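Read off the chains here:
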Amino acid sequence: HSILSDLPILPLAESFALTEAYNLDTFPEKVNLGQGVYRDEECQPWILPSVRSAEEFLHRQHLNHEYLPIQGAAQFSKEARNLLFSPQLAQNENIASVQTVAGTGANHLAALFCARYLRPKNVFISDPTWDNHHLIWETAGPDIKRKLYPYYDPLTRSLDFDGMIAELESSAEENDVVILHACAHNPTGIDPTHRQWEKIAEIVVKKRLFVVFDSAYQGFASGDLDADAWAIRYFYSTLFGDASLPTSATPAGMFVCQSFSKNFGLYGERIGALHLVTPPSVSPQGAYTHLVRLIRAEISCPSLFGERCVHTILTDLELRSKWEEDVKTMASRIQGVRMSLKLELENIGAQGNWDHIGRQIGMFSYTGLSKTQVQRLKEVHHVYMLENGRMSLSGLNGKNVAYVARAIKEVVD
Ligand code: PMP
């Protein structure tokens, strides 16, 4: 008998398991709409031309492979901060940034920090959400109660804004954490309007909540990097950006978790950043050293390649404008296949209303298909997507969209 033999075998995380199953499938018309990764019109991984140029530039520099500082490269973190907050706001001294192991590492570090130093009673997580939010907070903060706030109304297939506000109003306590998706909400593809964000900010102030923004899709909601950072900049300016605000009138702080996996196509390079915002008159320096200490224990220091790529692109005028074009290319191709799928479903008369597919934004469509329908799509039609009905649209192209629409028709009719 051993403690180890008592541990049950756990299932693999769903999106990774789907990819494995898809790879083993020998059916020629199979379609992968599972993992949230961008694919080009041929459904192949896309190396962004700006990233390719940066790689070639870096290769010619014959750089060494020394350790980075524990907090990562300062010049990288500065550019990451500028991109998110705008260069003007990013100069303020109440934002401190560290380099992380992609968006997951940023979320995990934020959770670890909160569990250890903020010690909230509850963390509020959107229902539904990226499933890793649950696992991250469960493992990093087992003493923090995970509570769901309503986000999606299946009847109207739109944001359940009243439900969200009512839950925060009635259940959130001072110092609790609320996780907000900065844009292109995963999995629903539905974001609050500016007016709704303003209301959410009001609740955050009133209840003195600690916000953790998760920004994994900057550029994917609208194709415009600034427009997609609106909510973060609004929260920063109204809650933390005014030096005349007394500390008693501001929340304790805010984290922003930033991923470069999607908008640079650097998935496997694991590059991201975590930004800590403190009230205007409070220095982030003490908290920053605690973040650095947690990083030291976890990874000693982060990795080089992704940081070099992102920094090179963001600081070179020509590469940067090439990259902004690349982001638009990805956002608009996804928007294109989104509309073709909707039209195709309507044209062939698939039962039901498909307007929501066209209304949703970002990388995904929350189709409204049931678990059994999703299962049948996989087993009968070799079309792979998440059990909750989330479809990663970039797996569609001009050649397979009709096939996918027919498969959906078959399972809903
Ligand atoms: N947050 C959300 C909402 C996501 O969808 C993702 C990617 N699936 C991430 C964070 C983190 O991704 P990564 O660790 O690859 O940067």
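Every value quoted in this text rests on a predicted model; they were computed, and no experiment measured them.

1. Digging into the overall build of the protein
Of the regular secondary structure elements, the protein holds 15 helices and 13 strands. In terms of overall dimensions, the protein is globule-like: its C-alpha atoms have a radius of gyration of 22 Å, near the 22 Å expected for 413 residues. Expressed along its principal axes, the backbone C-alpha trace of the protein runs to roughly 60 × 60 × 60 Å. Within the protein, the fraction of its 413 residues that count as buried is 53%. Pairs at least 24 apart in sequence give 76% of the contacts found in the protein among residues at least 6 apart. Carbon and sulfur atoms provide 53% of the accessible area of the protein, an area that totals close to 18,600 Å². Taking the average place of the 38 positive charges on the side chains of the protein and the average place of its 48 negative ones, the gap between the two points comes to 2 Å.

2. Concerning the sheet that holds strand β7 (residues 177-181)
Pairing within the open sheet is mixed, and its seven strands lie in the order β2-β10-β9-β8-β7-β3-β4. Of all strands in the sheet, those with a lone pairing partner are β2 (95-101) and β4 (145-150), marking the two edges. Ignoring strand direction, the axes of neighbouring strands in this sheet form an average angle of 25°. Direction of pairing for strand β3 (residues 122-127) relative to β4: parallel, over a ladder of six bridges. Looking at the pairing, V123 lines up with R146 of β4.

3. Brief notes about the pattern of salt bridges
Applying the stated criterion to the full structure yields 14 salt bridges. Put simply, E173 and K121 hold a salt bridge, and the shortest N to O gap is 3.0 Å. With E173 in the loop between α7 (161-171) and β7 and K121 in the loop between α5 (102-118) and β3, the pair connects residues that are 52 residues apart, well separated along the chain. Given a relative accessible area of 35%, E173 falls into the partly exposed group. The exposure class of K121 is exposed, given its relative accessible area of 51%. Through salt bridges with shared partners, a single network forms among K342, E346 and D355.

4. Section: the site of the ligand
In the vicinity of the ligand, the contacting residues are A102, G103, T104, W130, N186, D214, A216, Y217, S259, S261, K262 and R270. Within the side chain of T104, an N or O atom sits 2.5 Å from an oxygen atom of the ligand. In the environment of the ligand, an oxygen atom lies 2.7 Å from a nitrogen or oxygen atom belonging to the side chain of Y217. The protein chains hide 90% of the 400 Å² of surface that the ligand would expose on its own. Sort the elements by how many residues they give to the shell around the ligand and α5 lands first, with three residues. Classifying every residue of the shell around the ligand by side-chain character gives four nonpolar, five polar and three charged.

5. A few points about the side chain of H181
Following the sequence through the fold, H181 ends up in strand β7. H181 sits in the buried class, given a relative accessible area of 8%. Within the structure, H181 has its side chain in polar contact with the side chain of T129 (distance 2.8 Å). When neighbours within four sequence positions are excluded, H181 is seen to be in contact with S126, T129, W130, H133, N186, W197, F213 and D214.

6. Considerations on the packing of α5 against helix α6 (residues 132-140)
Two quantities define a packed helix pair, namely the angle between the helix axes and the distance between the axes. It is the contact of α5 with α6, at a shortest axis distance of 9 Å, that shows an interaxial angle of 35°. Considering the relative orientation of α5 and α6, their crossing is right-handed. Contacts from T104, N107, H108, A110, A111, L112, C114 and A115 in α5 reach N132, H133, I136, W137 and A140 in α6. Of the residues contributing to the contact of α5 with α6, the split by class is eight nonpolar, five polar and no charged.

Conventions we followed
Residues numbered from 1 in each chain as written. Predicted model: local features only at pLDDT ≥ 70, side-chain atom pairs only at ≥ 80, totals over all residues. Heavy atoms only, no water. Helix = DSSP H or I, 4+ residues; strand = E, 2+ residues; numbered from the N terminus. Rg over C-alpha atoms; globule rule 2.2 N^0.38 Å. Buried < 20%, exposed > 50% of the residue type's maximum accessible area, 1.4 Å probe, protein only. Contact = heavy atoms within 4.5 Å. Areas by Shrake-Rupley, 256 points an atom, 1.4 Å probe, with all protein chains shown as cover. Lys, Arg positive; Asp, Glu negative; His and termini not counted. Charge placed at Lys NZ, Arg CZ, Asp CG, Glu CD. Pairing = 2+ DSSP bridges. Axes fitted to C-alpha atoms, helices over the stretch in contact; angles between N-to-C directions. Salt bridge = Lys/Arg side-chain N within 4 Å of Asp/Glu carboxyl O. Near = heavy atom within 4 Å. Polar contact = N/O pair within 3.5 Å; in protein donor to acceptor, adjacent residues only side chain to side chain. Nonpolar A, V, L, I, M, F, W, Y, C, P; charged D, E, K, R; others polar. Left-handed = near helix turned anticlockwise from the far one by under 90°.

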